[in-house]
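Letter by letter, the chains look like this.
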Amino acid sequence: MAGPMASGHDSRLAVDFCGLRFSTPLVLLSGCVGFGDEYTRVEGFSHADAGAVCLKGTTLAPRTGNDPHRLAETPDGMLNAIGLQNPGVDALLDDILPALDFSETRFIANVSGSTVEEYREIARRLDDSPIDAIEINISCPNVREGGVEFGNYPEPSARVVAACRAVTDKVLITKLSPNQADIADNARRCLEAGSDAFAVINTVAGMAIDAGTRRPVLGNNRGGLSGPAIKPVALLKVWEVHQVCKPHAAPIIGQGGVACGRDAIEFLIAGATAVGIGTGLFYDPLLCPKINREIAEYLDEHGMENVAALSGSLEWNE
Amino acid sequence: MNRRKNTAAIFAERARVVGQQAFDAGQYVLKLHAPRCAAAAAPGQFIHLRCAADLPLRRPYSILSADAAGGEVEMLYKVVGEGSRRLAACRAGDELDSLGPIGNAFAPSPERPNLLLVGGGVGIPPILFLAARAREDAAANYTPLVLMGSEIPFPFDVTDSSLPFAGVANGTRATMAALERRGIAARLASGRGFAGCYRGHVGGLARQWLDAAPPEQLAATAMFACGPAPMLQDIARIAAQFSLPCQVALEETMACGVGGCAGCSVAVRDDNGGIAMKRVCVDGPVFNARAVFG
Ligand SMILES: Cc1cc2nc3c(=O)[nH]c(=O)nc-3n(C[C@H](O)[C@H](O)[C@H](O)COP(=O)(O)OP(=O)(O)OC[C@H]3O[C@@H](n4cnc5c(N)ncnc54)[C@H](O)[C@@H]3O)c2cc1C
Ligand SMILES: Cc1cc2nc3c(=O)[nH]c(=O)nc-3n(C[C@H](O)[C@H](O)[C@H](O)COP(=O)(O)O)c2cc1C
Ligand code: FES
């Protein structure tokens, strides 16, 4: 396993993700940490506390995103409708990637498109870049013409994956939508199409209404729900996708509402190899070291050798 | 292009509530012991506060004053919803998760030492902070002139001013007592007809002073404003009409508060006339009025 070696972490926390070494199972999630350097504004924050960092969703051309408001607080969570504001793949390749410190953590690009061709073209350009892996976002609920059209159905999802697979040898992670009838079937088709791994789940489609004005709170009307409110949904979806992935040893980045060590541990038990943190970081920018510590304590308490031993250890009631 | 790493200038602190002072209409001045934030804070910057354990998204509040030596910062806020309601229930000794200071700051220039400072409603705090810091800046020789508007009773002691304010009618003499004591000229506006206040929007008051100012004084003047969007738009229009530089502090809903989520982005005009998306939290909250309002 090649990878950042400098980290002073407990080696029991390290996980193998499709041959990439993550120094801890924590992954900072796409759209929550900009293009990698934003949280370094906070004293005490270090990328080295996460095994990997997913960059903001990137499209072929720059996008300005949705009109305000883009955020709404909801019980135990929040809605967002950013609309994939990003500078486009050329800026990612020319300006952003060269400035990232790959000795600290793994960086994963997050790709979005309106057509299969757009996904393919971005993946093709990223193939010849230092990025560690490519996450295919076929599940963004905030762009009408975009990924959600693909991600809610297995057939078009598989077409996007196959198109990307054809142009890159990078590790391909498919980010699955919870807003579909059968996530396991979708995962199966994406595996066949060449996906190496999965991110489960993206946000749950939702809306907030201002009763005073009788209008949706979000400029985009609809948004994606994240945070602790979606954790139970996410845990079940991770378990369902894990049943598909297990025979192929395809890893999952479990995500949705992780806000403490217990949450992360539950995702690992459900079948995740790594655990994503998005909204939880808004609550506490210094969350990662705390979760790392709590996972290590759990391993001690339960006499477990490493995080891998915890992954998929759920005892299903027969 | 090689981007420099950000400097770690935002501090996560357990801030201790020193005290709160209640004013009319659900307005409070909250004093927190947050020494690292206090040492670094500049006018225009804000603090991101977790108002209650079960309300994990933070609320942004402008810094009203910062005392580096005492390690204390003050905020002035109005109860408008659940977060501020919970904040108002905090007592001395309570602790709150805080992140700060965040954002850029107002940037006055010694070339234009007359600072026409305009604050409306909950936009008043950064304006008062700027007035205080400008007065303390011995090197620059600034003259802060403060105009404040509110449609609810002002959250401070009001007194009659004996400091001159050119152009403003004699009847308009109400000022903030604390500013008067420091020798900073100020006047108040309200549509509510409070005694001694200019009746109308604070922009009207600004216009009176500008109309009376001789050209050489205008050439030495810059405007700074914070308040509700219609007020800022009005101030931006006035500044453009008098060809004055103007900086405005904006508000937008936030999640991360540190530049990570792009949830607080607003469209501003860049130098080439194109549209650029800027985050209110870290690219702002202070922007050039012309870039925002055209
Ligand atoms: C940079 C900045 C500085 C601010 N300074 C001050 C200040 O000095 N004094 C003051 O009283 N208020 C200030 N505000 C507004 C203040 O943040 C809101 O009043 C507060 O967030 C309301 O929270 P709530 O839970 O009481 O209200 P609710 O309406 O219940 O809040 C619901 C959600 O919307 C968000 N929200 C509501 N109103 C605003 C708003 N105007 N701006 C941003 N987010 C909002 C809240 O943070 C919360 O996430 C500032 C806002 C910004 C962006
Ligand atoms: C503000 C915001 C922006 C997001 N942007 C993206 C994005 O660009 N691409 C993507 O695949 N997921 C995006 N997501 C989804 C997150 O990566 C994550 O899957 C989801 O929020 C669930 O995790 P959480 O509950 O820990 O936040 C975004 C989420 C938030 C809150
Ligand atoms: S609040 Fe997240 S970028 Fe400004």
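Residues numbered from 1 in each chain as written. Chains lettered and ligands numbered in written order. Predicted model: local features only at pLDDT ≥ 70, side-chain atom pairs only at ≥ 80, totals over all residues. Heavy atoms only, no water.

Glancing now at the site of ligand 2. Residues and elements named next belong to chain A. Around ligand 2, the structure places 23 residues, and the nearest of them are Ser 30, Lys 175, Gln 255, Gly 257 and Thr 279. Within the contact set of ligand 2, an oxygen atom lies 2.7 Å away from a backbone nitrogen or oxygen of Gly 257. Contact between ligand 2 and Thr 279: an oxygen atom at 2.7 Å from a side-chain N or O atom of the residue. The protein chains hide 98% of the 610 Å² of surface that ligand 2 would expose on its own. The cavity where ligand 2 resides is the largest cavity. (Near = heavy atom within 4 Å. Polar contact = N/O pair within 3.5 Å; in protein donor to acceptor, adjacent residues only side chain to side chain. Areas by Shrake-Rupley, 256 points an atom, 1.4 Å probe, with all protein chains shown as cover. 1 Å grid on protein atoms, 1.4 Å probe; cavity = no way out; pocket = protein on both sides within 12 Å on 5 of 7 lines; lining within 4 Å. Sits in = over half its atoms within 2 Å of the grid points.)

Residues and elements named next belong to chain A. Taken in spatial order, the eight strands close into a barrel running 3-4-7-8-9-10-15-16, and their pairing is parallel. In this sheet, adjacent strand axes meet at a mean angle of 30° when their direction is disregarded. Relative to strand 16 (residues 274-277), strand 3 (residues 26-28) is paired through three bridges, and the arrangement is parallel. By the bridge assignment for strand 16, Leu 26 is matched with Val 275. Of the strands in this sheet, strand 3 and strand 16 touch helix 9 (residues 287-301), which is tilted by about 165° from strand 3. (Pairing = 2+ DSSP bridges. Helix = DSSP H or I, 4+ residues; strand = E, 2+ residues; numbered from the N terminus. Axes fitted to C-alpha atoms, helices over the stretch in contact; angles between N-to-C directions. Contact = heavy atoms within 4.5 Å.)

Let's shift gears to the pattern of salt bridges. Tallied over the full model, the rule gives 29 salt bridges over all chains. Two residues, Glu 38 of chain A and Arg 279 of chain B, come together in a salt bridge whose shortest N-O distance is 3.0 Å. In this pair, Glu 38 of chain A sits in the loop between strand 3 and strand 4 (52-58) while Arg 279 of chain B sits in strand 17 (residues 275-279), so the two residues belong to two different chains. Side by side, Glu 38 of chain A and Arg 279 of chain B carry an identical accessibility label, which is buried. Notably, a salt bridge pairs Asp 284 of chain A with Lys 290 of chain A, separated by 2.6 Å at the nearest N-O pair. With a relative accessible area of 35%, Lys 290 of chain A lands in the partly exposed category. (Salt bridge = Lys/Arg side-chain N within 4 Å of Asp/Glu carboxyl O. Buried < 20%, exposed > 50% of the residue type's maximum accessible area, 1.4 Å probe, protein only.)

In this section: the domain arrangement of chain B. How big an interface is tends to be stated in terms of the accessible area lost upon association of its parts. Residue and element names in this part refer to chain B. Domain assignment breaks chain B into domain 1 (11-102), domain 2 (114-248) and domain 3 (252-294). Using only C-alpha atoms to locate each centre, domain 1 and domain 2 end up separated by 25 Å. Contacts between the two partners involve 15 residues from domain 1, matched on the other side by 12 residues from domain 2. With both chains or domains summed, domain 1 and domain 2 bury close to 1300 Å², and 73% of this area falls on carbon and sulfur atoms. When the area that domain 1 buries against domain 2 is broken down by residue, the three leading residues are Pro 43, Leu 64 and Leu 76, summing to 39%. Taken together, domain 1 and domain 2 are joined by zero salt bridges. Mapped onto the side of domain 1 that touches domain 2, the elements with two or more residues apiece are strand 5 (65-67) and strand 6 (72-78). Each residue belonging to the side of domain 1 that touches domain 2 can be placed in one class, and the counts come to nine nonpolar, four polar and two charged. (Domains from an automatic or database assignment. Buried area = accessible area lost by both parts, 1.4 Å probe. Nonpolar A, V, L, I, M, F, W, Y, C, P; charged D, E, K, R; others polar.)

On the side of chain A, 33 residues touch chain B, which itself brings 35 residues to the contact. At the boundary of chain B with chain A, total buried surface from both sides reaches about 3100 Å², with 53% on carbon and sulfur atoms. Our enumeration of links across chain B and chain A arrives at three salt bridges. As a salt-bridge pair, Glu 73 of chain A and Arg 59 of chain B come within 2.7 Å of each other at their nearest N and O atoms. Taken together, the links from chain B to chain A amount to 17 residue pairs in polar contact (both at pLDDT 80 or more). Put simply, the parts of the chain that give the side of chain B that touches chain A at least two residues each are strand 1 (11-23) and strand 17 of chain B. Here the side of chain B that touches chain A is built from residues that sort into 18 nonpolar, eight polar and nine charged.

Now for helix 9 of chain A. All names here are of chain A. The end-to-end C-alpha distance of helix 9, which contains 15 residues, comes to 21 Å, matching closely the 21 Å that a straight helix rising 1.5 Å per residue would cover. When we look at burial in helix 9, the residues that qualify are Leu 287, Cys 288, Ile 291, Asn 292, Ile 295, Ala 296, Tyr 298 and Leu 299. Within helix 9, the buried residues cover an arc of 165° as seen down the axis, which keeps them to one side. Opposite the buried face of helix 9, by more than 90 degrees, sit the exposed residues Asp 300 and Glu 301. Within two residues after helix 9, Gly 303 carries a phi angle of roughly 55°, on the positive side. (Expected span 1.5 Å × (residues − 1). Arc of directions from axis to C-beta.)

Once that is clear, we can look at the sheet that holds strand 1 of chain B. Residue and element names in this part refer to chain B. Here seven strands make up an open sheet; going across it, the order is 4-3-7-1-2-6-5 and the pairing antiparallel. Every other strand in the sheet has two partners, leaving strand 4 (59-62) and strand 5 as the edge strands with one partner each. The sheet shows a mean angle of 35° between the axes of neighbouring strands, direction not considered. Pairing of strand 1 with strand 2 (residues 27-33) involves seven bridges; the strand directions are antiparallel. Its bridge partner lying in strand 2, Ala 22 is registered against Tyr 28.

With that settled, the discussion passes to empty space enclosed by the protein. A water-sized probe, rolled over the atoms, reveals where empty space remains. All names here are of chain A. One pass over the structure, following the stated rule, counts three cavities of 30 Å³ or more. Lining the largest cavity are 33 residues, and of these Ser 30, Cys 32, Asn 80, Asn 202 and Thr 203 lie nearest its centre. Among the elements that take part in the lining of the largest cavity, helix 8 (residues 279-283) stands out by supplying three residues, more than any other. Residues of the lining of the largest cavity, tallied by class, amount to 12 nonpolar, 19 polar and two charged. (Points joined across faces, edges and corners; volume = space filled by probe spheres on them.)

Moving on, we get to the state of the cysteines. Residue and element names in this part refer to chain A. Within the structure shown, the criterion is met by zero disulfides over all chains. Free of any disulfide, Cys 54 has its nearest cysteine sulfur in Cys 32, 9.6 Å distant. Among the residues examined, Cys 54 registers a relative accessible area of 0% and is labelled buried. (Disulfide = S-S within 2.5 Å.)

For the rest of this paragraph, the subject is the packing of aromatic side chains. Given two aromatic rings, their pairing is described by the distance between the two centres and the angle made by the two planes. Within the structure shown, the criterion is met by eight aromatic pairs over all chains. Taking 3.6 Å as the distance between ring centres and 10° as the angle between the ring planes, the aromatic pair formed by Trp 239 of chain A and Trp 316 of chain A counts as stacked. With Trp 239 of chain A in helix 6 (residues 231-245) and Trp 316 of chain A in the segment after helix 10 (307-310), this pair connects stretches of sequence that are 77 residues apart. For Trp 316 of chain A, a relative accessible area of 43% gives the class partly exposed. Feature note: the residues Tyr 28, Tyr 61 and Tyr 77 of chain B constitute an aromatic cluster, connected by ring pairs. (Phe/Tyr/Trp six-rings, centres within 6.5 Å; stacked < 30°, edge-to-face > 60°.)

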